[in-house]
Structure formats: C-alpha cells, structure tokens
Amino acid sequence: MEDLSSQQQCWVLSSADLETLLESSDDAIFSKNLENVVVQWSRGAEQVYGYSRAEMVGQSIARLLPLDRPGEAAMILEWIKKGERLERWETVRLAKGGRPLIVLLTVSPLRDASGAITGAITVARDITARRQTEETVRGLEAQVQNRALVMDTANRIALNILAHRTGVEALRHIADEG
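Residues numbered from 1 in each chain as written. Predicted model: local features only at pLDDT ≥ 70, side-chain atom pairs only at ≥ 80, totals over all residues. Heavy atoms only, no water.

Draft legend 1. Highlighting the overall build of the protein. When its secondary structure is counted, the protein shows six helices and five strands. Along the protein, helices (α) and strands (β) appear in the sequence α-β-β-α-α-α-β-β-β-α-α when read from the amino end. The burial tally for the protein puts 28% of its 178 residues in the buried class. Residue pairs in contact within the protein that sit at least 24 positions apart in sequence constitute 37% of those at least 6 positions apart. When the accessible surface of the protein is totalled, it reaches about 12,200 Å², and 55% of it is carbon and sulfur. (Helix = DSSP H or I, 4+ residues; strand = E, 2+ residues; numbered from the N terminus. Buried < 20%, exposed > 50% of the residue type's maximum accessible area, 1.4 Å probe, protein only. Contact = heavy atoms within 4.5 Å. Areas by Shrake-Rupley, 256 points an atom, 1.4 Å probe, with all protein chains shown as cover.)

Okay, here's the thing in structure tokens:
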C-alpha cells in the first residue's frame, strides 16, 4: 500500500467541477460580495427560497431577511470582514412570497488570490420541517403526560373509595359516580 501522506499531490477542481458540486446539493448555496449583493445562486437555493437565479443575482441579501432582523446581514458581514466563519447558526429567512423558513447557516469568507476577503459563501439548510416535527412531538409528549396524570388521579380515587367501602357497596358507589 502506498503512503499517501508522502505524496505531494494537489487536487484542483475546475470551474465546471465546482459548478457541478454546487448544483448537486439540496442545500441553498450562494455567494455575496462585501456589499451583501448576491453574486452566485445555486439550484438548491432556488428550491429552498423559491427565487430563481435571475431573480437573486445582483440583488441585496436583505430580500431574504424578516423585518424583525434588519441588522443580521450587516452583523454577519462584519464577522466575514474579520475573516471569521459562522457555523451552524439557526435563524429565520423568508422564502419567495414571505413564507418564513427556519434555516441553519454556515457562512465563510471568500478570498481572492492575494488572500483579501472579497465576499462570503453561505450554505443554508432548511430545517423548518424538522423544527415543526420537534414541536409536534413535544406537544404529544405533554398530552401523554397529562393523560397519565388523569389516569393516576382516577386510580387513586377508585382505590380510596374501595379502601372505605366493602364488596357490593363499593361497586354501587363506583356505578353511581359514573
């Protein structure tokens, strides 16, 4: 077996390879410049947000922000300008038509050949359905706990009645209560 660590090979993706990689993801992948203007918009971004590439390239990322989060894009851009990466940050974005999406964002700086930061690439995963499912499960768990409490209370009442009555008298009392 060859020792791969001793080999000095460099794998370089062509533009076509990179485009294929980006277009094969179901996640929304897009890049923006330092003015928060969309430069690239993937097929996954089209599916997640509902905007076509033609509708988003050249537009401000603010189009995706809910009104209650006006400073979020600028805050992320400040981190990017410092060379920081934002990983797995849960937030809300808007799809076409204003439908809110719960997304998990990873945002990384883009650099030119000299190392200067020129923008950012964002990967956004729509986790709306997962969050809704988790909320439904929490609601069902609460219902099960409530029903268990009701059954426990009913059993305690029945046992209390039976402890104070005997035989037929207890059964009559239970029948009269029902």
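Draft legend 2. The arrangement of the packing of aromatic side chains in detail. Evaluation of the coordinates by the stated rule reveals four aromatic pairs. Plain terms: the ring middles of F30 and W41 are 5.2 Å apart, the flat faces sit at 40 degrees to each other, and that makes the pair tilted. Of the two residues, F30 is situated in strand 1 (residues 28–33) and W41 in strand 2 (residues 38–41); the sequence distance between them amounts to 11 residues. There is no split in this pair, since F30 and W41 are both buried. Ring geometry for F30 and Y49: centres 6.4 Å apart, planes at 75 degrees, overall edge-to-face. In this pair, F30 is assigned in strand 1 and Y49 in helix 2 (residues 43–49), connecting sequence segments 19 residues apart. Among the residues examined, Y49 registers a relative accessible area of 1% and is labelled buried. What links up through ring pairs into an aromatic cluster is the set F30, W41 and Y49. (Phe/Tyr/Trp six-rings, centres within 6.5 Å; stacked < 30°, edge-to-face > 60°.)

Draft legend 3. Representation of the sheet that holds strand 4 (residues 100–111) within the structure. Spatial ordering of the open sheet is given by 2-1-5-4-3, a layout of five strands whose pairing is antiparallel. Lying at the two open borders of the sheet, with one neighbouring strand each, are strand 2 and strand 3 (86–94). Strand after strand, the sheet turns through a mean of 30 degrees between neighbouring axes, direction not considered. Sheet topology note: the strand 1/strand 5 (residues 117–126) ladder contains six bridges and is antiparallel. Its bridge partner being in strand 5, A28 is matched across the sheet by A124. Against the sheet, helix 4 (residues 72–81) engages strand 1, strand 3, strand 4 and strand 5, with an angle of about 160 degrees to strand 3. (Pairing = 2+ DSSP bridges. Axes fitted to C-alpha atoms, helices over the stretch in contact; angles between N-to-C directions.)

Draft legend 4. Representation of the side chain of N36 in the model. Mapped onto the elements of the fold, N36 is located in the loop between strand 1 and strand 2. Of the polar contacts made by the side chain of N36, one reaches the backbone oxygen of A73; its length is 3.5 Å. (Polar contact = N/O pair within 3.5 Å; in protein donor to acceptor, adjacent residues only side chain to side chain.)

Draft legend 5. Expanded view of the side chain of T128. Along the chain, the position of T128 falls in helix 5 (residues 128–164). At a separation of 2.7 Å, a polar atom in the side chain of T128 contacts the main-chain amide nitrogen of I102. Contact partners of T128, with chain neighbours within four places excluded, come to P100, L101 and I102.

Draft legend 6. Inspection of the environment of D126 at higher detail. Mapped onto the elements of the fold, D126 is located in strand 5. Looking at D126, the relative accessible area reads 34%, which means it is partly exposed. Distance in space between the C-alpha atoms of D126 and L105 is 9.0 Å, their sequence separation being 21 residues. In contact with D126, other than residues within four places in its own chain, are V48, L101, I102 and V103. Among the polar contacts made by the side chain of D126, one reaches the side chain of T128 at a distance of 2.6 Å.

Draft legend 7. Summary view of unusual backbone geometry. In this structure, N36 takes a positive phi of about 65 degrees despite not being glycine. The residue R88 is not glycine, and still its phi comes out positive at about 50 degrees. Position of R88 relative to the elements: it lies in strand 3. Classification of R88 as exposed rests on a relative accessible area of 58%.

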